[in-house]
Amino acid sequence: MDLVIRNATLPDGRRDIDIGIADGRIAALEPRLAARGAREIDAAGDLVSTPFVDAHFHMDAVLSYGLPRVNCSGTLLEGIALWGELKPTLTQDALVERALRYCDWAVARGLLAIRSHVDVCDDRLLAVEALLEVKRRVAPYLDLQLVAFPQDGLLRSPTAFDNLKRAIDMGVDVVGGIPHFERTMAQGAESVRLLCEFAAERGLRVDMHCDESDDPLSRHIETLAHETLRLGLQGRVAGSHLTSMHSMDNYYVSKLLPLIAESGVAAIANPLINITLQGRHDTYPKRRGMTRVPELMAAGVDVAFGHDCVLDPWYGMGSGDMLEVAHMGLHVAQMTGLEAIEACFDAITATPARILGLEGYGLAPGCHADLVILDAGSPVEAIRLRAARRLVLRRGRVVAEAPAAASRLYLDGRPDGVDFRMLQGNKPENPGAP
Ligand code: FE2
């Protein structure tokens, strides 16, 4: 073995597991592995996970906060207007530099796969060229999947569809859309049909910004599910945001959930951004605005959490930490049972890996040796503490390292330091959701 990690705790609760790595892949995963490694790492009971996966991001806008000004109202629509002001001033070098810097942050956070939308409504396709360059450059350490995103509307922006097709021809992976931003509900539905037909023709995946509003009658997810079934795209389509579902009538949703499940359309919620941008027109009570995550999961729909934005016209926070995303997600969705919290961990690891179609992702012999050792004893503790990423491995090679969280104390009669992990022997058995 090139490397053996000893005494790992796995996300499914297995303890004292040794992981043998050879030629960049997991060669063995079992208790008390007899084989020796050229290098050995003692995980000492720490959680060893597959890397984090962000199913929804905008890398063309990342780290542009304050350019040319900040979003005063904090709304989605001012963010789109602000991005429109910024777009003509973008340069390829600046786009590449900001994206590479963010990918450095991502690796340090154990985030090794990102699906990023890229705006195709600028006829120069400057951002497309820049992010394709970034995709090539980060490939050794991060999987960057790109979505051709007609930010200004496929039908509303006269050149958007041609640009989207050009972007796909240049190497962008996935077909995007934004039906709720078209001029009318009917044009939104038309855009979904056109984009799904194009994806079916080309054999591509689809990921649309869909119903990102508080309007209970914004129902493009219904059209997306229908087109997915009609065109046989099951398992290749995702609806991002779906925030209008938060405001919909419950009777209608009781019909919609089985339709989404039947269509095999995945749902991608973006808790940090949804809780920030939605409900802005409300006084009180004020809607949370995130889609119905536990209900979608219970219906059998794949649900992932995305970061969506970091320091851009829509959101002035964030640092590439998917544990922060899951932390917010479980609060907004009130998913506080242990099984529910574990489902939130899956929503930033295995589930988005499936949605992106990542090859070789997993904790089993034969999978890529892409691993994160966390300063935590379980997925629940990892989310609670937004735990330090002690080691991040890509293809069996250490690509990032961080110290465990530690504080010194100077108190009479008390210990000289604290760690924030749960006491051994004080770990509750999983009683299921409350
Ligand atoms: Fe988005």
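Residues numbered from 1 in each chain as written. Predicted model: local features only at pLDDT ≥ 70, side-chain atom pairs only at ≥ 80, totals over all residues. Heavy atoms only, no water.

**Re the domain arrangement of the protein chain**
Taken domain by domain, the protein chain consists of domain 1 (3-50 + 362-426) and domain 2 (52-356). Just the C-alpha atoms count here: the centres of domain 1 and domain 2 sit 31 Å apart. Taken together, the contact between domain 1 and domain 2 spans 20 residues of the former and 24 residues of the latter. The largest share of the area that domain 1 buries against domain 2 comes from Ile-383, Arg-389 and Arg-394, three residues that together contribute 42% of it. Applying the counting rule to domain 1 against domain 2 returns two salt bridges. Between Asp-321 and Arg-389 there is a salt bridge whose closest N-O contact spans 2.2 Å. On the surface where domain 1 and domain 2 come into contact, there are six residue pairs in polar contact (both at pLDDT 80 or more). Those elements that place two or more of their residues in the side of domain 1 that touches domain 2 are strand E5 (47-49), strand E14 (371-374), helix H13 (379-385), strand E15 (389-394) and strand E16 (397-401). Among the elements that line the side of domain 1 that touches domain 2, the one with the most residues is H13, at five residues. Classifying every residue of the side of domain 1 that touches domain 2 by side-chain character gives 13 nonpolar, two polar and five charged. (Domains from an automatic or database assignment. Contact = heavy atoms within 4.5 Å. Buried area = accessible area lost by both parts, 1.4 Å probe. Salt bridge = Lys/Arg side-chain N within 4 Å of Asp/Glu carboxyl O. Polar contact = N/O pair within 3.5 Å; in protein donor to acceptor, adjacent residues only side chain to side chain. Helix = DSSP H or I, 4+ residues; strand = E, 2+ residues; numbered from the N terminus. Nonpolar A, V, L, I, M, F, W, Y, C, P; charged D, E, K, R; others polar.)

**Things to note about unusual backbone geometry**
Geometrically, the link from Leu-67 to Pro-68 is a cis peptide bond, its omega value of -10° lying close to zero. Mapped onto the secondary structure, Pro-68 falls in the loop between strand E6 (52-57) and helix H1 (76-86). Put simply, Tyr-284 and Pro-285 share a cis peptide bond, and its omega is -5°. Turning to its location among the elements, Pro-285 is positioned in the loop between helix H8 (271-277) and helix H9 (293-298). Positive phi, normally seen in glycine, also occurs at His-241, with a value near 80°. With respect to the helices, strands and loops of the structure, His-241 is situated in strand E11 (residues 237-241).

**Focus: the pattern of salt bridges**
Enumeration according to the criterion identifies 30 salt bridges in this entry. Across the salt bridge formed by Asp-143 and Arg-394, the nearest N and O atoms sit 3.2 Å from each other. One end of the pair, Asp-143, is in strand E8 (residues 143-149); the other, Arg-394, is in strand E15, and 251 residues separate them in sequence. Look at Asp-143 and you get partly exposed, because its relative accessible area is 27%. A salt bridge links Glu-227 to Arg-230; the shortest N-O distance between them is 2.7 Å. With a gap of three residues between them, Glu-227 and Arg-230 both fall in helix H6 (residues 220-231), about one helical turn apart. Since its relative accessible area comes to 5%, Glu-227 is described here as buried. Taking the relative accessible area as the measure of exposure, Arg-230 reaches 43% and is therefore partly exposed. Bridged by salt links that share partners, the residues Asp-46, Asp-375, Glu-381, Arg-384 and Arg-421 form one connected network. (Buried < 20%, exposed > 50% of the residue type's maximum accessible area, 1.4 Å probe, protein only.)

**Let's talk about the environment of Glu-30**
Among the secondary structure elements, Glu-30 is positioned in strand E3 (residues 25-31). The exposure class of Glu-30 is partly exposed, given its relative accessible area of 37%. Each residue touching Glu-30, except ones within four places of it in the same chain, is listed here: Ile-17 and Asp-18.

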